[in-house]
Amino acid sequence: MRFWVTLEDHSAEVEFHTEGGRLVLDLEGRRVEADFLRLPDGEVYSLLVDGRSYEVGVAPSGDGVDVSYHGAALPVEVRHPLEKLLQSQKHVGGGAAGETVNAPMPGLLVAYRVKVGDHVAAGQSVAVVEAMKMQNELTARRGGVVSELLASEKASVSAGQPLVRLKPEGA
Amino acid sequence: MKPIRRVLIANRGEIAVRVIRTLRELDLTSIAIFSEPDRAALHVLLADEAYPVGPGPSRDSYLNLDRVIETAVRVKADAIHPGYGFFAENAEFARACAAAGIAFIGPAPETIEALGDKLAARAAARAAGVAMVPGSDGPVSSVREAAAVAEKLGWPVLLKAAAGGGGKGMRVVRAASELEAAWSLTRGEAASAFGDDRVYLERYLERPRHVEAQILADSAGRVAFLGERECSVQRRHQKLLEETPSPAITPATRARFAEAAIRIAKQVGYLNAGTVEFILDERGEFFFLEVNTRLQVEHPVTELVTGLDLVAEQIAIAEGGPLSFGDSPPAPRGAAIEARILAEDPSRNFLPSVGRIERVRFPQGPGVRNDAGVYRGFEIPIYYDSLLAKLVVWGEDRERARRRLLRSLDEFVLEGVKQNIGFHRWLAAHPEFAAGRLSTSFLDEHFQPGLLAPSHEAAEVAVLAAALHARDERLRVNLPAEDGGARSAWKWPMRRKSDRRRR
């Protein structure tokens, strides 16, 4: 069995064998002995890698899983090796796309910092959202021209709710 | 004064839990109040009694003065412990308690009023002859006036809400061009958080340390100094990690520091537990900042080195009794560090995170204390602050405490919301932190979100775990193990799994 595993911009192929009842992984040409035991405590596993002990949480998320280890959740995509082939044949469409600034958490939209038609630079503040008693400035990642304000000021917003739509400069 | 038997805790989260623990040990009745989303909160579960005070938003429940007082009267509370935040530094609330015949566990309303107003507090320090940071004489009423004061003080300046505290309602302004945006944000925050939009200016000292004095004052006029706490590691003026003793304070400085704190306390006739905050510059000179008229979030570090229970002392003082140690406070022993475990994402500019605690396991073992307000399955409400737990460690000296902190952070499992355990691990392992070279600019100087990227080992563990998990899933749903036809079926083991979670 083989999988194509991606963590951020790094991908690796993992292949499984069994050798005399023991599970052996081929990780990019490296031989690793692993034991993976689901604990009674939900989606939590004890992972032994060549004898080293790790405790990890594995929770499904999107196209893969979030692996929590040492307090951090690492998003890992797990795909079939065939998909790698398919993707390499696909051409990634060029040209800048627009940008949507979403509420990162549930809270109160205190105010917009921009109006429709404004030119916004990358990193510029577009809205203020208050949550957990703190006011947070939301900034545009790439910038562009404000094409739409999608919520009303003083309204409650939910996590991921789109607040500002930007179209690319000159589009 | 009538003895205190029944204590209502006008708070929630870890501090309500912490107060309940002392009440239980003192064999007093603990009475919790809760908002609708807090019905299943830990403080409700642990208290002897619990009563609803309204819907989620603070102003409709924990900050609903009439409702809280009415509840306290109805359930025959003898005293109210305000914790920190909410009504802890609200003179009107303290007055309402007195009017209802309930003891407020804290200073007199007049003291809260005098010190809660940062401008009046500066006047008190001036009268006590304690040095303070240069600033505007009173509130400034317009951006134009603020700009003029700032020009006189010299940039950068600190814009502060007169009614602010706990790091809320405060912004550094580095240049005139930033003033207008900072002005409206600070005023907005001040108005919404404190209902008072008066703002003043102070000169902003570069790279200062934040060091504070814990004091206890009883009704016989005794004021005890219980050592200092250094709280320099902050982001957006919010403390992240606190320790005692401060690595920057020499015994000679400590003596002067204690004297200044006690002088200010006596100047205002302070009663109960309080904290006098100072900033310490690079030459070791300290300047008065403000007085917090309440128990601080970081009080446990003082408890670990002194062996005192500050909540128990507070209750004794509120009953009119003396301090447990008479005239001689216990000599502090060893060092203690507290890490604030917050529901926020250090890799995304410390954005707050909400959600359900899916899994939690607190560190244990020698010298480790956890003050937490959450448990597995608890849904973090969006209405309150992001403090989930405080990990507090004790060691014979700072280095041993630091290693114990690292060890405890490694043990800490907290999943379901983004939290800053990894950040604290980075911090505690940093050579500058280990050397005790701290300042409030520590994060600006040393921290980048990229530093929290997973180590090579962690990345490999994640890749292996994900692949092993996928294999388990594949075997479990009994699909053909080889490639033929697997692609079309590939998606659905994952989907099945997420369906299961949703149920």
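Residues numbered from 1 in each chain as written. Chains lettered and ligands numbered in written order. Predicted model: local features only at pLDDT ≥ 70, side-chain atom pairs only at ≥ 80, totals over all residues.

Which parts of the structure should I look at to understand the overall build of chain A?
For chain A, the count of helices and strands is one helix and 16 strands. Scaling as 2.2 N^0.38, a compact globule of 171 residues should have a C-alpha radius of gyration of about 16 Å, whereas chain A reaches 22 Å, well beyond that. In terms of overall dimensions, chain A has C-alpha extents of about 65 × 40 × 20 Å along its principal axes. With 171 residues in all, chain A has 32% of them scored as buried. (Helix = DSSP H or I, 4+ residues; strand = E, 2+ residues; numbered from the N terminus. Rg over C-alpha atoms; globule rule 2.2 N^0.38 Å. Buried ≥ 20, exposed ≤ 12 C-beta atoms within 10 Å, placed from the backbone.)

For this particular structure, what's the right way to read the overall build of chain B?
If you tally the helices and strands in chain B, you get 17 helices and 20 strands. Against the globule reference of 23 Å for 503 residues, chain B gives a C-alpha radius of gyration of 24 Å, in line with a compact fold. Taken over the C-alpha atoms alone, chain B extends approximately 85 × 55 × 50 Å along its principal axes. Per-residue burial over chain B gives 51% buried out of 503 residues.

Would you take a moment to explain the interface of chain A and chain B for this structure?
A common way to express how large an interface is: the accessible area buried when the components associate. On the chain B side, the residues contacting the 46 residues of chain A number 46 residues. Grouping the amino acids of the side of chain A that touches chain B by side-chain chemistry returns 34 nonpolar, ten polar and two charged. (Contact = placed C-beta atoms within 7 Å. Nonpolar A, V, L, I, M, F, W, Y, C, P; charged D, E, K, R; others polar.)

Sorry if this is basic, but what is going on with unusual backbone geometry here?
The phi torsion of most residues other than glycine is negative, and most of the peptide bonds are trans. Residues and elements named next belong to chain B. Following Trp155, the chain continues to Pro156 via a peptide bond in cis, the omega torsion being -5 degrees. Within the secondary structure, Pro156 is located in the loop between α7 (143-153) and β6 (157-165). Across the junction of Thr244 and Pro245, the peptide omega takes the value -5 degrees, indicating a cis bond. One non-glycine residue, Arg236, lies in the positive phi region at around 50 degrees. By secondary structure assignment, the location of Arg236 is in the loop between β10 (223-235) and β11 (238-244). Phi is positive for Phe350, which is not a glycine, with a value near 60 degrees.

Looking at this model, I keep getting lost on helix α16 (residues 456-476) of chain B. Mind explaining?
Note: α-helices contain 3.6 residues per turn, so residues at a spacing of three or four share the same orientation. Compared with the 30 Å implied by 1.5 Å per residue over 21 residues, the 30 Å span of α16(B) between its first and last C-alpha is a close match. Taken residue by residue, α16(B) has Val461(B), Ala462(B), Val463(B), Leu464(B), Ala465(B), Ala466(B), Ala467(B), Leu468(B), His469(B), Ala470(B) and Arg471(B) as its buried positions. (Expected span 1.5 Å × (residues − 1).)

Where do I start with the sheet that holds strand β3 (residues 49-54) of chain B in this structure?
Strand pairs in the sheet, formed through backbone hydrogen bonds, run parallel or antiparallel to each other. Residues and elements named next belong to chain B. On the basis of which strands lie adjacent, the open sheet formed by five strands has the order β3-β2-β1-β4-β5 and parallel pairing. Every other strand in the sheet has two partners, leaving β3 and β5 (103-104) as the edge strands with one partner each. Bridge count for strand β2 (residues 29-35) against β3 is five bridges, and the pairing is parallel. If you follow Ser35 over to β3, its bridge partner there is Gly54. (Pairing = 2+ DSSP bridges.)

Would you explain the sheet that holds strand β15 (residues 156-157) of chain A in this entry?
Spatially, β13-β12-β10-β15 (chain A) is the arrangement adopted by the four strands of the open sheet, whose pairing is antiparallel. Two strands bound the open sheet, and with one partner strand each, they are β13 (134-139) and β15 of chain A.

I'm lost on the environment of Ser68(A) in this one. Help?
Along the polypeptide, Ser68(A) turns up in strand β7 (residues 64-69). Judged by the 24 C-beta atoms lying within 10 Å of it, Ser68(A) is buried. Between the C-alpha atom of Ser68(A) and that of Val58(A), which follows or precedes it by ten residues, the distance is 6.4 Å. Ignoring anything within four residues of it in the chain, the contact list for Ser68(A) reads Val56(A), Gly57(A), Ala73(A) and Glu415(B).

Is there a simple way to explain the confidence of the model for chain B in this structure?
The predicted coordinates ought not to be read in detail in places where the model reports low pLDDT. All names here are of chain B. Confidence in the prediction of chain B, expressed as mean pLDDT, is 91, and 94% of residues score 70 or more. Between residues 481-503, whose pLDDT stays under 50, and residues either more than four places distant or in other chains, the model counts 19 contacts. For this predicted complex, the interface score ipTM comes out at 0.71, alongside a pTM of 0.82. (pLDDT = per-residue confidence, 0-100.)

What should I look at first to understand the nonpolar core in this one?
One recurring pattern in soluble globular proteins is that nonpolar side chains are buried together. All names here are of chain B. Grouped together as the largest cluster of nonpolar side chains are 149 residues, with contacts concentrated most on Ile80, Ile215, Ala261, Ile264 and Ala336. Considering every element that reaches this core, the biggest residue donor is strand β19 (residues 387-395), with seven residues. Setting aside residues up to four positions removed in sequence, Ala261 forms contacts with Ala213, Ile215, Phe225 and Val276. (Core = buried A, V, L, I, M, F, W, Y, C linked by C-beta atoms within 7 Å.)

Quick question: what am I supposed to make of the environment of Glu8(A) here?
All names here are of chain A. Tracing the sequence through the fold places Glu8 in the loop between β1 (2-7) and β2 (10-19). Using a count of 13 C-beta atoms within 10 Å as the deciding quantity, one classes Glu8 as partly exposed. Through-space distance from the C-alpha of Glu8 to that of Val49 is 22 Å; in sequence the pair is 41 residues apart.

Would you mind going over the domain arrangement of chain B with me for this structure?
Residue and element names in this part refer to chain B. Here chain B is described as being made up of domain 1 (6-105), domain 2 (107-132 + 206-333), domain 3 (134-203), domain 4 (342-434) and domain 5 (456-502). Taking only C-alpha atoms into account, the centre of domain 2 sits 25 Å from that of domain 3. The interface is formed by nine residues belonging to domain 2 together with ten residues belonging to domain 3. Taken together, the elements giving at least two residues each to the side of domain 2 that touches domain 3 come down to α6 (118-127) and β11. Considering only residue class, the side of domain 2 that touches domain 3 consists of one nonpolar, five polar and three charged. (Domains from an automatic or database assignment.)

So what exactly am I meant to see when it comes to the pairing of strand β16 (residues 162-167) of chain A here?
A regular strand places its side chains on the two faces of the sheet in alternate fashion. Sheet topology places strand β9 (residues 99-102) of chain A next to β16(A); four bridges connect them, and they run antiparallel. Bridging across to β16(A), Thr100(A) finds its partner in Arg165(A).

For this particular structure, what's the right way to read the pairing of β13(A)?
All names here are of chain A. Of the pairings in the sheet, the one linking strand β12 (residues 125-131) to β13 comprises six bridges and is antiparallel in character. Bridging across to β13, Ala131 finds its partner in Met134. As consecutive antiparallel partners, β12 and β13 are separated by two residues, and within that stretch Met132 has a phi angle of approximately 45 degrees, a positive value.

How should the confidence of the model for chain A be read in this particular structure?
Taken residue by residue, chain A gives an average pLDDT of 84. The fraction at 70 or more is 91%. Contacts for the low-pLDDT stretch residues 91-95 of chain A, under 50 throughout, to residues beyond four places or in other chains number zero contacts.

How do you make sense of the packing of helix α4 (residues 91-99) of chain B against helix α5 (residues 109-116) of chain B when you look at a structure like this?
In a packed pair of helices, the relevant descriptors are the angle between the two axes and the axis-to-axis distance. Residues and elements named next belong to chain B. Orientation of α4 relative to α5, taken along the N-to-C sense of each, is 180 degrees, at an axis distance of 8 Å. It follows that α4 is roughly antiparallel to α5 by the angle criterion. On α5, the residues touching Ala91, Ala94, Arg95 and Ala98 of α4 are Pro109, Ile112, Glu113 and Gly116. When the residues that make up the contact of α4 with α5 are grouped by side-chain class, the tally is five nonpolar, one polar and two charged. (Axes fitted to C-alpha atoms, helices over the stretch in contact; angles between N-to-C directions. Parallel < 35°, antiparallel > 145°, perpendicular 65-115°, else oblique.)

Mind showing me how you'd approach α4(B) here?
All names here are of chain B. All of the buried residues in α4 are Ala91, Phe93, Ala94, Ala96 and Cys97. In this structure, the buried side of α4 is in contact with α3 (65-74), β4 (79-81), β5 and α5. Positioned one or two residues after α4, Gly101 has a phi angle of 75 degrees, which is positive.

How do you make sense of the environment of Lys167(A) when you look at a structure like this?
Residue and element names in this part refer to chain A. Assignment of secondary structure puts Lys167 in strand β16. Distance from Lys167 to Glu99, taken between C-alpha atoms, is 6.4 Å for residues 68 residues apart in sequence. Residues in contact with Lys167, not counting those within four places in the same chain, are Gly98, Gly144, Val145 and Ser147.

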